[in-house]
Amino acid sequence: MKNNLSGPEFLAALEKRLRLLPEEERREALAYYAEFLEEGSPEELDSVEETARQILDQCAVTALEKVEKKEKKGGIKTLWIVLLAVFAAPVALPLAIALGVMILMTVVVAAAIVFAVGITGVALALGGLWTAVLSFTVIAVSPVNMLMALGLGLGLVGIGLLILIGMFYICRGVVWLISKLLGGFLKRGGKNA
Amino acid sequence: MAFQLGTELLDACVLGVLMRGDTYGYSLTQEMTRTVEISESTLYPVLQRLKKSGCLTTYDCPVSGRNRRYYSITDLGRERYVKFRTQWTEFKEAIDHLLGGIDDEK
């Protein structure tokens, strides 16, 4: 269909139909047709509807091509993240190892303390028992000393046993605490992955 | 005219005109419409497409107080023109063969 509007009418109508285009595209198209009308006559043009449709089609194709290019960039972005992870590994890996060693050391130290205190308890109990037994050898010489040694020995056995029982409960508590901490840590790690 | 030009051929024809020198919108239209039935609404998108794909550049030149936009072919455009030229020759020969006539006489 041919255009039946005057030059200025055509340009005004075209601008209205291209209002959804980006500023630059619209300005360029209008400049082109304005320049054409300087020399050509309005009758040479197609209808405003047809002219606008052709311009909009062309811009849609260009926009689509741009979107496709952007999608390709998305692939490159993923590559960057992978590269970053690879380069971060030399830092992250030693950090993870250090953390693991720290946890292990804490457990070892705790076990050593428990062991030492436990041994003390056992030594006190055994020493007390031995003292109590030996006290009977002086029963004829000095019954007072024998009684004192027996009391001291039994007292030591009592203290030793108390320490052992206390250690047993502390041990159980520590094991329970560590397992809970580790469990929570692993759970959170699992969720993040 | 009985034949319609597709986008590829339109691109090739515009590049062909520009191969002979820079030209501006109205003059290009006149040159094209002298040979092909093509409307202004078809030609503008062709120019935009060629510009966006880097086959031509534009520059503005004031002529008697008014601004005139000139179109100029780029190296990329020249490359594409050469490709079009060989493809067209092959295409023309193939069509000639299908149509028969001149070639069959030989």
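Computed from a prediction, not measured in an experiment: that's the story for all the values here. (Residues numbered from 1 in each chain as written. Chains lettered and ligands numbered in written order. Predicted model: local features only at pLDDT ≥ 70, side-chain atom pairs only at ≥ 80, totals over all residues. Heavy atoms only, no water.)

J.: Can you tell me about the overall build of chain A, naming the residues and giving the values?
T.: A count of helices and strands for chain A gives four helices and zero strands. The helix and strand sequence of chain A, counted from the amino end, reads α-α-α-α. By the compact-globule yardstick of 16 Å for 193 residues, chain A is too spread out, its C-alpha radius of gyration being 46 Å. Put simply, of all contacts in chain A between residues at least 6 apart along the chain, 68% involve residues at least 24 apart. For chain A, the exposed surface amounts to about 14,000 Å²; the carbon and sulfur share of it is 75%. Computed over 18 positive and 18 negative side-chain charges, the separation of the two mean positions in chain A equals 27 Å. (Helix = DSSP H or I, 4+ residues; strand = E, 2+ residues; numbered from the N terminus. Rg over C-alpha atoms; globule rule 2.2 N^0.38 Å. Contact = heavy atoms within 4.5 Å. Areas by Shrake-Rupley, 256 points an atom, 1.4 Å probe, with all protein chains shown as cover. Lys, Arg positive; Asp, Glu negative; His and termini not counted. Charge placed at Lys NZ, Arg CZ, Asp CG, Glu CD.)

J.: Give a description of the interface of chain B and chain A that names residues and reports values.
T.: Taken together, the 22 residues of chain B in the interface contact 19 residues of chain A. Here chain B and chain A share an interface that buries about 1,900 Å² over both sides, 48% of which is from carbon and sulfur atoms. Of the charged contacts, one joins Glu28(A) and Lys51(B) as a salt bridge, the two residues approaching to 3.1 Å between their closest N and O atoms. Run the count over chain B and chain A and you get 13 residue pairs in polar contact (both at pLDDT 80 or more). At the level of elements, helix H2 (25-35), helix H3 (40-52) and strand E3 (66-73) of chain B are the ones that each hand at least two residues to the side of chain B that touches chain A. It is H3(B) that provides the largest number of residues to the side of chain B that touches chain A, a total of eleven residues. Classifying every residue of the side of chain B that touches chain A by side-chain character gives seven nonpolar, eight polar and seven charged. (Buried area = accessible area lost by both parts, 1.4 Å probe. Salt bridge = Lys/Arg side-chain N within 4 Å of Asp/Glu carboxyl O. Polar contact = N/O pair within 3.5 Å; in protein donor to acceptor, adjacent residues only side chain to side chain. Nonpolar A, V, L, I, M, F, W, Y, C, P; charged D, E, K, R; others polar.)

J.: Residue-level account of the side chain of Glu40(B), with values.
T.: In this structure, Glu40(B) sits in helix H3. Despite its burial, Glu40(B) pairs with no opposite charge, the nearest such side chain being Lys2(A) at 8.7 Å. When residues no more than four places from it in sequence are discounted, the contact partners of Glu40(B) are Tyr32(A), Tyr33(A), Phe36(A), Leu45(A) and Thr29(B). (Buried < 20%, exposed > 50% of the residue type's maximum accessible area, 1.4 Å probe, protein only.)

J.: Run through unusual backbone geometry, naming residues and quoting values.
T.: Residue and element names in this part refer to chain B. The residue Ser64 is not glycine, and still its phi comes out positive at about 45°. If you trace the backbone, Ser64 turns up in the loop between strand E2 (56-63) and E3. Residue Ser64 is classed as exposed on the basis of its relative accessible area of 66%.

J.: Please set out the sheet that holds E2(B) residue by residue, giving values where relevant.
T.: Strand-to-strand pairing in sheets goes through backbone hydrogen bonds, with the strands running parallel or antiparallel. All names here are of chain B. With antiparallel pairing, the three strands of this open sheet are ordered in space as E1-E3-E2. Strands with a single pairing partner mark the edges of an open sheet, and in this sheet they are strand E1 (23-24) and E2. Where E1 lies against E3, two bridges are found, and the strand directions are antiparallel. Its bridge partner being in E3, Tyr24 is matched across the sheet by Tyr70. Packed on one face of the sheet, helix H1 (residues 7-19) meets E1, E2 and E3 and runs near 105° to E3. (Pairing = 2+ DSSP bridges. Axes fitted to C-alpha atoms, helices over the stretch in contact; angles between N-to-C directions.)

J.: Could you give an account of a nonpolar patch on the surface, naming the residues involved and the relevant values?
T.: The grouping of Leu93(A), Ile97(A), Val101(A), Leu104(A), Met105(A) and Val108(A) at the surface amounts to a nonpolar patch, some 570 Å² of accessible area in total. Within the element layout of this structure, Leu93(A) appears in helix H3 (residues 48-135). (Patch = residues over 30% accessible without salt bridge, like charges linked within 9 Å, V, L, I, M, F, W, Y side chains within 5 Å.)

J.: How would you summarise the state of the cysteines if you had to cite specific residues and measurements?
T.: Residue and element names in this part refer to chain B. Inspection of every chain in the model, using the stated rule, returns zero disulfides over all chains. Considering cysteine sulfurs only, Cys55 is the nearest to Cys13, which forms no disulfide, with 14 Å between them. Overall, Cys13 belongs to the partly exposed group, its relative accessible area being 28%. (Disulfide = S-S within 2.5 Å.)

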